[in-house]
Amino acid sequence: RRARSEDFRMSLLASTLALIGVAPLVSHLRGSGSTPLLLVDGNNLRGATVFALSQEALASELARWAAAAELPCVLVLDHGTEQRCWPLGDFLSVTLAGPAQSADDALVRDTNWALRAGLDVAVFTSDRGLTSRVRRQKSLGTVQVVASAALARLLWDFERSGGGGGE
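These numbers come from a predicted model, not from an experiment.

Reading the values: the criteria
Residues numbered from 1 in each chain as written. Predicted model: local features only at pLDDT ≥ 70, side-chain atom pairs only at ≥ 80, totals over all residues. Heavy atoms only, no water. Helix = DSSP H or I, 4+ residues; strand = E, 2+ residues; numbered from the N terminus. Buried < 20%, exposed > 50% of the residue type's maximum accessible area, 1.4 Å probe, protein only. Contact = heavy atoms within 4.5 Å. Pairing = 2+ DSSP bridges. Salt bridge = Lys/Arg side-chain N within 4 Å of Asp/Glu carboxyl O. Lys, Arg positive; Asp, Glu negative; His and termini not counted. Polar contact = N/O pair within 3.5 Å; in protein donor to acceptor, adjacent residues only side chain to side chain. Axes fitted to C-alpha atoms, helices over the stretch in contact; angles between N-to-C directions. Right-handed = clockwise from strand over helix to strand, strands pointing away.

A. Main features of the overall build of the protein chain. Scanning the protein chain from terminus to terminus reveals seven helices and six strands. Put simply, the protein chain runs from its N terminus to its C terminus through helices and strands in the order α-α-β-α-α-β-β-β-α-β-α-β-α. Per-residue burial for the protein chain yields a buried fraction of 43% across its 167 residues. Pairs at least 24 residues apart make up 60% of the contacts formed inside the protein chain by residues separated by at least 6 positions.

B. Local environment of the pairing of strand E1 (residues 37-41). Of all five residues that make up E1, five are buried, and the element is covered over most of its length. Burial of E1 is two-sided: the residues Leu37, Leu39 and Asp41 facing one way and the residues Leu38 and Val40 facing the other way are all buried. Two strands pair when backbone bridges link them, and E1 and strand E5 (residues 121-124) are joined in this way by four bridges, in the parallel orientation. Of the residues in E5, the one forming a bridge with Leu37 is Val121. Of the strand pairs in this sheet, E1 and strand E2 (residues 73-77) are connected by four bridges, and their pairing is parallel. Each bridged residue has a counterpart across the sheet, and for Asp41 the counterpart in E2 is Val76.

C. Highlighting the pattern of salt bridges. Taken as a whole and judged by the stated rule, the model has five salt bridges. Arg64 is paired through a salt bridge with Glu61; the nearest N and O atoms lie 3.7 Å apart. Taken together, the residues span about one helical turn, with Arg64 and Glu61 both in helix H4 (residues 55-69) at a distance of three residues. Arg64 gets classed as partly exposed once you look at its relative accessible area, which sits at 38%. Note that Arg153 and Asp157 form a salt bridge whose closest N and O atoms lie 2.9 Å from each other.

D. Fine view of the side chain of Arg46. Mapped onto the elements of the fold, Arg46 is located in helix H3 (residues 42-48). It is Asp78 that comes nearest to the buried, bridge-free Arg46 among opposite-charge side chains, at 8.8 Å. A polar atom in the side chain of Arg46 sits 2.7 Å from the backbone oxygen of Leu53.

E. Quick look at the environment of Leu62. For Leu62, the location among the structural elements is in helix H4. Not counting the four nearest positions on each side in its chain, Leu62 is found in contact with Val40, Leu75, Leu92, Leu151 and Leu155.

F. Local environment of the sheet that holds E5. Pairing is mixed across the open sheet formed by six strands, whose spatial order is E3-E4-E2-E1-E5-E6. Looking along the sheet, the strands with just one partner apiece sit at the ends: strand E3 (79-87) and strand E6 (143-146). Each neighbouring strand pair of the sheet contributes to a mean axis angle of 20°, computed without reference to strand direction. Where H4 meets the sheet, its contacts fall on E1, E2 and strand E4 (92-98), and the angle it forms with E2 comes to roughly 170°. Contacts from helix H6 (residues 128-135) reach E1, E5 and E6 within the one sheet, and its direction differs from that of E6 by about 170°.

G. Layout of the pairing of E6. Where E5 meets E6, four bridges bridge the pair, whose relative direction is parallel. Directly across from Ala122, in E6, lies its bridge partner Gln144. Between the parallel pair E5 and E6, the chain is carried across by H6, and the sense of this crossover is right-handed.

In structure tokens form, the structure reads like this:
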């Protein structure tokens, strides 16, 4: 029964992702000439994949994709006994928001820090509240909000291609 459920979820994910065309996304993100910092709403991204990936699997896959694409990413997740961040490869850091704030709060904070440091930022989320909070910071620099499903599609394509190439 569990295998059927997993097959159904993966089939649903494949059908959903087939509707989204994202091939030029990485090129678009690099369009300004500088390499943007990608901030990823991890729980929202997992939701976009119908929770087909555990947090650990998502972090692993995102680390491989970010390294292949040579794009610095921060995967932000809710919870944790304390706020902490650690590298997972050369292009991915994983952040636990801790008990006192949400991942959304951490994403807004990190967006603010990156923009003040002069970095371009792309935030992957489909959360309307977070999108609004992030976009309020556009006076500080270049910030884009991209639907979580677009990153899910990039990861899906990356996995299906055998993990080669960034797009």
